[in-house]
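The residues making up each chain are set out below.
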Amino acid sequence: MKRTSRIFTEEISENFYLMRIDDKETLFFESLWYIPEGITYNAYLMLTDGGNILFDAWKHAYSEQFIETLKNIVDARDIDYIVIHHTEPDHSGSLPKLLEENGFKAEIIGNPLSKTMLENFYNIKLKFKPVKDGDSMIIGGKKLVFIHTPWLHWPETMMTYIPEDKILLSGDAFGGFSTPNAIHDSDEQLVSEYIPFARKYFATIIGHYRPYVLKAIDKVAKLGIGIELIAPLHGILWRRDPNKIIEYYVKWAKAEPEKGKVIVIYSSMYGSCEEAVKVAVDELSRLGYNPIIFKFTDREQDPLSDVLGELIDAEAIILASATYEAGIFPTISHLLNIVSHKLRSNKHVLILSSYGWGGVAGRKMSETLSNAGFNIVDTIEFRGRLSKEDRERIVESVRKLIEQLSS
Ligand code: FEO
């Protein structure tokens, strides 16, 4: 099938090229996260007198296009080195085709673990040069410094710093979803539209490894290097203000809240929880709050990826779900399982839960979130439709939740 994806090829610094393809075909990244906004795969190419260096590649589905795009700059046979920052197939999938075209001549440079992973993924044998954390190489007068950054987002991940040009090739880190209409952060409007997609990418893909983000940023900071360009494997490059994306990543890694940001998430089979949520939202509105609402009903099912993206910098959460088969309603149970892994934090939570003959979900939701560090302000369980007393309890608990925010 002839693909029609958008491709950007640009010399972003002397003899240093971006090769980006926009993937709008993958609707569920990692077969999990709904991304109608798409994703880019960014590879980079550096031409030097001492050999041509490719940094990463594209997903397997775009192998043919990768070779064609590369040919516009240099023939695949003329690639001498391939630096692998991350072996995940969204970046290494086109490597076998590339190596075939290259005659397996190129030396692969990467974390020692990458050799085994790539050889196992693709059943190939590599000419491989392992590099340790802090190792450097000089190729054609260009120094490359390799920085191991484990768990961003796999154990073998690393970054490369090019001191002469102050370029940091950052791998998955500092990336984001979507296919922006520009390659750089040059336009303020474009950046502000992009940030929510970077946040969603962070929460879904990197979220589980948040402590490692802080370690990696601290490590790079301690090197005392100047960074004039951050070149990630997804999304836009950061040249006008590289610190901006670093600061966002620190904020998200700490799950720092946006003041006053309240998220309401609910499932409702027959309307009881929806009614309770309406009481809570009306009170929030009366108190001057404008919550973001996600629902799982017989009419609408919001994407979990969007929920996670918004949760990471929320200050408070109202969660409502019915008891279902002596447990939490499955969609919410699945969400809480993911939240417990990826978004552990001390955000404030109010839990609302309906039941028909025996309440279980409220207690279980509360236990799950408490164990993940959340502050459960209140858990209100009610039988079927709300009584007058139930409504009063919800209003009172919403006020209690909001008091936490200003304390
Ligand atoms: Fe973009 Fe973890 O791969």
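Just so it is clear, the model here is predicted, and its values are computed rather than measured.

Peer 1: Before we go on, may I ask you to explain the overall build of the protein in this structure?
Peer 2: Looking only at helices and strands, the protein has 12 helices and 21 strands in total. The C-alpha atoms of the protein give a radius of gyration of 24 Å, which matches the 22 Å a tight globule of 407 residues would have. For the protein, the residues scored as buried account for 58% of the 407 residues in total. In the protein, the proportion of contacts linking residues at least 24 apart, taken out of those at least 6 apart, comes to 70%. When the accessible surface of the protein is totalled, it reaches about 16900 Å², and 49% of it is carbon and sulfur. Counting 47 positive and 57 negative side-chain charges, the protein places the averaged centre of each group 3 Å from the other.

Peer 1: Even after reading the chapter, I still don't get the side chain of Thr69, so can you show me in this structure?
Peer 2: Mapping Thr69 onto the fold places it in helix 1 (residues 63–71). For Thr69, a relative accessible area of 4% gives the class buried. A distance of 2.6 Å separates a polar atom in the side chain of Thr69 from the backbone oxygen of Gln65. Apart from the residues lying within four places of it in its own chain, the contact partners of Thr69 are Ile7, Thr9, Met19 and Trp58.

Peer 1: In this structure, what is going on with the environment of Leu350? I would like to understand it.
Peer 2: Examined against the element boundaries, Leu350 turns out to sit in strand 20 (residues 348–355). Apart from residues lying up to four places away in sequence, Leu350 is in contact with Ile317, Ile318, Leu319, Asp378, Ser397, Val398 and Leu401.

Peer 1: Explain the pattern of salt bridges here, please?
Peer 2: Enumeration according to the criterion identifies 34 salt bridges in this entry. Residues Glu275 and Arg385 are paired through a salt bridge, measuring 3.6 Å at the closest nitrogen-oxygen approach. Note that Glu275 is positioned in helix 8 (residues 272–286) and Arg385 in the loop between strand 21 (375–383) and helix 12 (388–406), a separation of 110 residues in sequence. What emerges from the salt-bridge pattern is a single network uniting Arg199, Lys261, Glu310 and Asp313.

Peer 1: What's the story with unusual backbone geometry in this structure? I'm lost.
Peer 2: Cis geometry is adopted by the peptide bond preceding His153, which originates at Leu152 and carries an omega value of 10 degrees. Among the secondary structure elements, His153 is positioned in the loop between strand 11 (142–148) and strand 12 (158–162). With a phi close to 60 degrees, Ser31 is a non-glycine residue in the positive phi region. Relative to the elements of secondary structure, Ser31 occurs in the loop between strand 3 (28–29) and strand 4 (33–34). With a phi angle near 65 degrees, Asp56 is a residue other than glycine that sits in the positive phi range. Mapped onto the elements of the fold, Asp56 is located in the loop between strand 6 (51–55) and helix 1.

Peer 1: Explain the nonpolar core here, please?
Peer 2: For soluble globular proteins, the rule of thumb is that nonpolar side chains tend to be buried together. The biggest cluster of nonpolar side chains holds 92 residues, and the ones touching the most others in it are Ile82, Phe174 and Ile265. For this core, the element with the highest residue contribution is helix 5 (residues 188–206), accounting for 10 residues. Counting residues domain by domain, this core receives three or more from each of domain 1 (7–253) and domain 2 (262–406). The contacts of Phe174, once residues within four sequence positions are left out, are Met159, Leu168, Ile217, Ile230, Pro232, His234, Trp238, Ile245, Ile246 and Tyr249. The next biggest cluster of nonpolar side chains, apart from the first, holds 26 residues, and it includes Tyr266, Cys273, Ala280 and Val398.

Peer 1: So what exactly am I meant to see when it comes to helix 10 (residues 330–342) here?
Peer 2: In an α-helix there are 3.6 residues to a turn, and that puts residues three or four apart on one side. The terminal C-alpha atoms of helix 10 lie 18 Å apart, and with 13 residues this matches the ideal 18 Å at 1.5 Å per residue to within 8%. Among the residues of helix 10, Ile332, Leu335, Leu336, Ile338, Val339, Ser340 and Lys342 are the ones counted as buried.

Peer 1: Honestly, the sheet that holds strand 10 (residues 136–139) in this entry has me stumped. Any pointers?
Peer 2: Taken in spatial order, the 5 strands make up an open sheet running 10-11-12-13-14, and their pairing is mixed. The sheet terminates laterally at strand 10 and strand 14 (229–232), the two strands that pair on one side only. Strand-to-strand twist across the sheet, computed as the mean angle between neighbouring axes with direction ignored, equals 20 degrees. For strand 12 and strand 13 (residues 167–171), the ladder comprises 3 bridges, and the chain directions are antiparallel. The residue of strand 13 that forms the bridge with Ile162 is Ile167.

Peer 1: Is there a simple way to think about the sheet that holds strand 16 (residues 292–296) in this case?
Peer 2: Backbone hydrogen bonds hold the strands of a sheet together, and the pairing may be parallel or antiparallel. Strand order in this open sheet of 5 strands is 16-15-17-20-21, and the pairing throughout is parallel. Edge strands, defined here as strands with exactly one partner in the open sheet, are strand 16 and strand 21. Each adjacent strand pair in this sheet contributes to an overall mean axis angle of 10 degrees, direction not counted. Strand direction decides the pairing type here: strand 17 (residues 316–320) and strand 20, joined by 5 bridges, are parallel. When the sheet's bridge partners are listed, Ile318 is paired in strand 20 with Leu350.

Peer 1: I would appreciate a short explanation of the domain arrangement of the protein in the present structure.
Peer 2: Segmentation of the protein into domains returns domain 1 (7–253) and domain 2 (262–406). Inter-centroid distance (C-alpha atoms) of domain 1 to domain 2 is 38 Å. Of all residues in domain 1, Trp33, Arg199 and Arg210 bury the most surface against domain 2, accounting for 40% of the area lost on that side. At the boundary of domain 1 and domain 2, one finds 3 salt bridges. The salt bridge partner of Asp306 is Lys200, with a shortest N-O separation of 2.9 Å. Inspection of the domain 1/domain 2 interface yields 9 residue pairs in polar contact (both at pLDDT 80 or more). Take the side of domain 1 that touches domain 2: its biggest share by element is 5 residues, from helix 5. Considered class by class, the residues forming the side of domain 1 that touches domain 2 number 5 nonpolar, 3 polar and 4 charged.

The rules behind the values
- Residues numbered from 1 in each chain as written.
- Predicted model: local features only at pLDDT ≥ 70, side-chain atom pairs only at ≥ 80, totals over all residues.
- Heavy atoms only, no water.
- Helix = DSSP H or I, 4+ residues; strand = E, 2+ residues; numbered from the N terminus.
- Rg over C-alpha atoms; globule rule 2.2 N^0.38 Å.
- Buried < 20%, exposed > 50% of the residue type's maximum accessible area, 1.4 Å probe, protein only.
- Contact = heavy atoms within 4.5 Å.
- Areas by Shrake-Rupley, 256 points an atom, 1.4 Å probe, with all protein chains shown as cover.
- Lys, Arg positive; Asp, Glu negative; His and termini not counted.
- Charge placed at Lys NZ, Arg CZ, Asp CG, Glu CD.
- Polar contact = N/O pair within 3.5 Å; in protein donor to acceptor, adjacent residues only side chain to side chain.
- Salt bridge = Lys/Arg side-chain N within 4 Å of Asp/Glu carboxyl O.
- Core = buried A, V, L, I, M, F, W, Y, C linked by side-chain atoms within 4.5 Å.
- Domains from an automatic or database assignment.
- Expected span 1.5 Å × (residues − 1).
- Pairing = 2+ DSSP bridges.
- Axes fitted to C-alpha atoms, helices over the stretch in contact; angles between N-to-C directions.
- Buried area = accessible area lost by both parts, 1.4 Å probe.
- Nonpolar A, V, L, I, M, F, W, Y, C, P; charged D, E, K, R; others polar.

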